[in-house]
Structure formats: C-alpha cells, structure tokens
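# Descriptive structure summary
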Amino acid sequence: MQRLKTSDPDFEAKFARLVDDRRESDVEVAHAVDDILDRVRDLGDEALIEYTARFDDHRLRSDEDWRISPDTCKQAFEALDPRLRQALELAADRIRAYHRDQLPRDRDFTDDAGVRLGARWSAVDAAGLYVPGGRASYPSSLLMNAIPAKVAGVERLVIATPTPKGEVNSLVLAAAHLVGIEEIWRIGGAQAIGALAYGTDRIRAVDVIVGPGNAYVAEAKRQLYGVVGIDMVAGPSEILVIADGKNDPEWIAADLLSQAEHDPLAQSILITDDPQFAEQVEDRIDVQCSMLSTRRTARASWDDFGVLLIVSDLSEAPALANRLAAEHVELAVDDPEALFAQIRHAGSVFLGRHTPEAVGDYIAGPNHVLPTGRRARFASGLSVLDFMKRTSFISMDAEALGKIGPAAIALAEAEGLPAHAQSVELRLK
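Values in this document were obtained by computation on a predicted structure and should not be read as measured data.

## Details of the overall build of the chain
- Across its full length, the chain carries 18 helices and 15 strands.
- Reported as C-alpha extents along the three principal axes, the dimensions of the chain are approximately 80 × 60 × 45 Å.
- With 429 residues in all, the chain has 48% of them scored as buried.
- Total accessible area computed for the chain in this model is approximately 21,100 Å², and 48% of it derives from carbon and sulfur atoms.
- The distance from the centre of the 47 positive side-chain charges to the centre of the 69 negative ones in the chain is 3 Å.

Listed below in structure tokens is the structure:
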C-alpha cells in the first residue's frame, strides 16, 4: 500500500507513476487469445468442444450439454428466496426505468435551403452477453448488461457462460429468466467471444458483445472490435474516495474494500486532508479485511495497489481525480456538489456520505459497467446507445439542390473527383 502526500518534494513523480500504472493483460495473453480466436474462426464448434473440455471440464455432446433451457431458468427463478426475488425485481425495475430515459429521439427537419435532414435510431439485430462462471458470477451484471439491450429494442439476446464441470449459477439463471433471455450457451473464455463474433454451425453471430470477464475475455473483445461492436475493454475495478475527517472511518474502509474484494488487481484510493483519519481508515481496513470471506483477494489488492493520499486541502482533490479518471468516485464531504462541479473524468460519481458505491452496483439504476484504466477520459458507462446505431437521411427537390449543389461541385472539383461533380451537375442542367 502506498502513502503519498502532495507536500512531499517527490510527490509529482510518484503520482505520475500511479496514474500511468497499467494493471491489465500482457503480451502473452494477447498471443494466447489470438491463437484461440483463429481456431474458433477456422474450426467453429470443433474448437469450442476442445476448449470447453480443456478449460471447463465440460463435454459438449447433446443439445443439453450445449444449452441451458428457458425452463431451467424459470425453475431457478421460482426457487429463489422471496426476499432475494424481490430484490432482483426491484433492481431490474430501477435499471429499466433509468435506461428508458436514455432512449434517443429521431430527428427530422427542413432547413432554410429547403433540404430535409434528419437521423433515425434503430437497435442492432443481435447482442451477445458474456456472463462469467468463476469468481465474478454476478446476477447484477446480467441485469446491467441485458436490460439496456432490451430497452433499446434488441430482438435476439444471447448469453455465453462457462459451466465448470457442468455446474451452473442458479442466481444467474434466475436473472436471465427475469429479463427474458432464452438463448444461453454453456461456453466461456475467449473462445465464447470468438463464437459470438464469428458464428459457428450451432451459434449464430451477433452484432455487439458486452459483459465482464477475465483478462482473456477482455483481450478477445479488444481484438474483435470491428468484427463486432463491444461495450468497452474493461480492466480491474477501481474506486477513488475523496473524504474529509468528519466521516466514520468504518464506512470509508468498507467502501475501499468493496472494490478490493473484486480482484487482486483492483485498486482502492483514498484522498483526504486529514492524516489522522487516513490512519484510522487503514486500521479499520485491517480489521474488516480479516473478517471478510473474500479476505485473500481484498488483502492482496489493498497491499499491492491500495493508496492513501494526503492533500493539504481538499480543493486539490478534483485535479488529482481528473488525472486518475477512476471508474468510481465517492465524494464523502460536506458539500459534494462543489467538488462534483470540478470532476470532469469519472465513470460514475457518488455524492455525499450516505451514497456508497455498492448501491450503484445493484439497485440505484445507472449502469455499473463503467470505463476503467483511465478510459473515463474519453468513454462512458454502458447505455442503450451501445445497442443502437444512428442512420442519417437527406431529401431534397430540384430547387433545394439548385441552392447548395454548386458548392458541392466546386468542392468535388477542388478534390480532383470529377464523377462526384458530374453527379450533381447533370441534375442541375
């Protein structure tokens, strides 16, 4: 765990290293994924059978070995504890309501030259959703990825999920039933991403692939971007908490550990103007971590990548936050709005002492699929727009073409493209 102070003479050098640190896949992962994708593209189902047996110890023989039926998902949903079922339903309702408000509007207008212009939005035909089957097997992620696609109007939504030794996660199946997904394949890893992108004899290709996964899944999505659309290249989880000394250190410690427990490569950072408070938080992290069932993961993350950063004044925090461009940013201060006004780069911001990041992971409504690795400088969280595309249109009559056509001819001739010019000029004659 690092301790930094903005007053230290070498702070800038140390902070720059923190900002530039990459905790993502390496060259070996990229080469391995490249080989897997080549085999899936060339061999299709044969490659999936081979990789699923090797990595998941699951044999793909009959249809039941390949797919999970809608009836199985329905049974999983009906078997849920009523309290958990209500929680899933509440989460789904809130996520759906938030994303419905994101739906874009078509445009259609006629300008002063008499040219009709506009754009029409439409959903992609098919989207693939990757659902991990290992450490990160979360029904909440399924809701966050599937519901925006449904709201956007995607007609075919496909899940690929590994089932090690044939075992399935009943909560994930229950969530799939809740959102109405009926096509679920028992495949995982980079090979699943390849199958969704290229298609095989059994699995039809999709247009967009979303969903979390390990380094191999993330790398496969990166390599296949362009063959299909993707949500983003996601790295390990991140949280930045900006807090003053008026907070309960127990709360802030729990917030930092909420991301540390995701992955040994996750990063939790506290920025505060109170050195004594920082020490209290560190102490509470040690105590809380020892009691977590996820302590090994959380401890590794905090020890290797945790940061306590002391500023002379909290007014320094927004500039530091913007350089970090973290996935999650909590503003646990008296006036969070004042700091929020200065935060330009963040995946999602949580305002006030009673807004823990964890509530955003499950129930608040905004999507928890967010840019990591400083990508919040140029990227946004998952939304309905990731499952839609915009088609512009133009319509004009002879009079409108007569008004703007000569300018098009002049530009075409200047660019040395006479056929372009002629296609307009012939109509003007």
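So, next bit.
## Topic: the packing of helix α11 (residues 249–260) against helix α12 (residues 275–291)
- The geometry of α11 relative to α12 is characterised by a closest axis approach of 8 Å and an angle of 60° between their N-to-C directions. As summarised for this structure, α11 and α12 are arranged oblique, according to the angle between their axes. For the crossing formed where α11 meets α12, the hand is right-handed. Residues Pro249, Glu250, Ile252, Ala253, Ala254, Leu256 and Leu257 of α11 lie in contact with α12, whose contacting residues are Phe277, Gln280, Val281, Arg284, Ile285, Gln288 and Cys289.

## Examining the sheet that holds strand β3 (residues 107–110)
- Strand order across the open sheet formed by three strands is β3-β4-β15, with antiparallel pairing between neighbours. Strand pairing shows two members of the sheet lacking a second neighbour, β3 and β15 (388–395), which therefore form its edges. Across the sheet, the axes of successive neighbouring strands diverge by a mean angle of 15°, strand direction being ignored.

## Concerning unusual backbone geometry
- The residue Asp57 is not glycine, and still its phi comes out positive at about 55°.
- Of note, Ala325 is a non-glycine position whose phi angle comes to about 45°, a positive value.
- Relative to the helices and strands, Ala325 resides in the loop between α14 (317–324) and β13 (328–332).

## Things to note about the nonpolar core
- If you look at the biggest cluster of nonpolar residues, it comprises 41 residues, and the most contacted ones within it are Leu129, Leu142, Leu143, Ile159, Ile181 and Phe387.
- When residues of this core are traced back to their parent elements, those giving at least two are α5 (70–78), α6 (82–100), β5 (126–130), α7 (139–152), β6 (156–160), α8 (170–179) and β8 (208–210).
- The biggest single contributor to this core is α7, with eight residues.
- Among residues more than four places away in sequence, those in contact with Ile181 are Leu129, Leu142, Ala146, Leu157, Ile159 and Ala176.

## Thoughts on the side chain of Thr52
- Note that Thr52 resides in helix α3 (residues 45–56).
- Overall, Thr52 belongs to the buried group, its relative accessible area being 0%.
- Apart from the residues lying within four places of it in its own chain, the contact partners of Thr52 are Asp57, His58, Leu60, Arg186 and Ile187.

## Digging into the sheet that holds strand β14 (residues 348–351)
- A sheet is described by the order of its strands in space; here six strands give the open sequence β1-β12-β11-β10-β13-β14, paired in parallel fashion. Each edge of the open sheet is held by one strand with a lone partner, namely β1 (2–5) and β14. Strand-to-strand, the axes of this sheet are offset by a mean angle of 15°, without reference to chain direction.
- As defined by bridge partners, strand β10 (residues 238–243) adjoins strand β11 (residues 267–272) across six bridges and the pair is classed as parallel. When the bridges of β11 are listed, Ile242 appears paired with Ile271.
- Packing of helix α13 (residues 295–305) onto the sheet brings it into contact with β11 and β12 (307–310), and relative to β11 it is tilted by some 55°.
- On the sheet, α14 packs against β10, β11 and β12 and is oriented at approximately 175° with respect to β10.

## Some words on the pattern of salt bridges
- All chains considered together, the criterion is met by 21 salt bridges.
- Between Asp231 and Lys221 there is a salt bridge; the shortest N-O distance is 2.7 Å. With Asp231 in the loop between β9 (229–230) and β10 and Lys221 in helix α10 (residues 215–224), the pair connects residues that are ten residues apart, well separated along the chain. An identical accessibility class is assigned to Asp231 and Lys221; each is buried.

## So, the environment of Ala243
- For Ala243, the position within the fold is in strand β10.
- C-alpha of Ala243 to C-alpha of Val333: the two residues are 90 residues apart in sequence and 5.6 Å apart in space.
- Beyond its immediate stretch of four places on either side in the chain, Ala243 contacts Ile252, Leu270, Ile271, Thr272, Asp273, Phe277, Leu314, Ala332 and Val333.

## Notes on the packing of helix α1 (residues 11–20) against α14
- Close contact between α1 and α14 brings their axes to 9 Å; oriented N to C, the two are set at 40°. Classified by the angle between their axes, α1 and α14 sit oblique to one another. Mapping the contact onto sequence places Phe11, Glu12, Phe15, Ala16, Leu18 and Val19 in α1 and Leu320, Arg323 and Leu324 in α14.
- Here the residues of the contact of α1 with α14 sort into seven nonpolar, no polar and two charged.

## Regarding the pairing of β13
- Where burial is concerned, most of β13 is hidden: five out of the five residues are buried.
- The side-chain alternation of β13 yields two buried faces, one formed by His328, Glu330 and Ala332 and the other by Val329 and Leu331.
- Note that β10 and β13 share five bridges and pair parallel. When the bridges of β13 are listed, Ala243 appears paired with Ala332.

## Things to note about the packing of aromatic side chains
- Tallying each qualifying case throughout the model produces three aromatic pairs.
- Each ring, one from Phe11 and one from Phe15, has its centre 5.4 Å from the other, and the planes form 20°; the classification is stacked. One end of the pair is Phe11 and the other is Phe15, both in helix α1 and four residues apart, which spans about a single turn.
- On the basis of relative accessible area, Phe11 is assigned to the buried category, the value being 8%.
- An angle of 0° between the planes, with centres 5.8 Å apart, marks the rings of Tyr51 and Phe55 as stacked. One end of the pair, Tyr51, and the other, Phe55, are both in helix α3, four residues apart, so they sit about a helical turn from each other.
- When the ring centre of Trp185 is taken as origin, the NZ or CZ atom of Arg67, which lies over that ring, is 4.9 Å away.
- Positioned above the aromatic ring of Phe77, the side-chain terminus of Arg85 is 5.7 Å from the ring centre.

Calculation rules
- Residues numbered from 1 in each chain as written.
- Predicted model: local features only at pLDDT ≥ 70, side-chain atom pairs only at ≥ 80, totals over all residues.
- Heavy atoms only, no water.
- Helix = DSSP H or I, 4+ residues; strand = E, 2+ residues; numbered from the N terminus.
- Buried < 20%, exposed > 50% of the residue type's maximum accessible area, 1.4 Å probe, protein only.
- Areas by Shrake-Rupley, 256 points an atom, 1.4 Å probe, with all protein chains shown as cover.
- Lys, Arg positive; Asp, Glu negative; His and termini not counted.
- Charge placed at Lys NZ, Arg CZ, Asp CG, Glu CD.
- Axes fitted to C-alpha atoms, helices over the stretch in contact; angles between N-to-C directions.
- Parallel < 35°, antiparallel > 145°, perpendicular 65-115°, else oblique.
- Left-handed = near helix turned anticlockwise from the far one by under 90°.
- Contact = heavy atoms within 4.5 Å.
- Pairing = 2+ DSSP bridges.
- Core = buried A, V, L, I, M, F, W, Y, C linked by side-chain atoms within 4.5 Å.
- Salt bridge = Lys/Arg side-chain N within 4 Å of Asp/Glu carboxyl O.
- Nonpolar A, V, L, I, M, F, W, Y, C, P; charged D, E, K, R; others polar.
- Phe/Tyr/Trp six-rings, centres within 6.5 Å; stacked < 30°, edge-to-face > 60°.
- Lys NZ or Arg CZ within 6 Å of the ring centre and 35° of its normal.

So, to be careful, I would describe these as geometric facts and stop short of saying anything about function.
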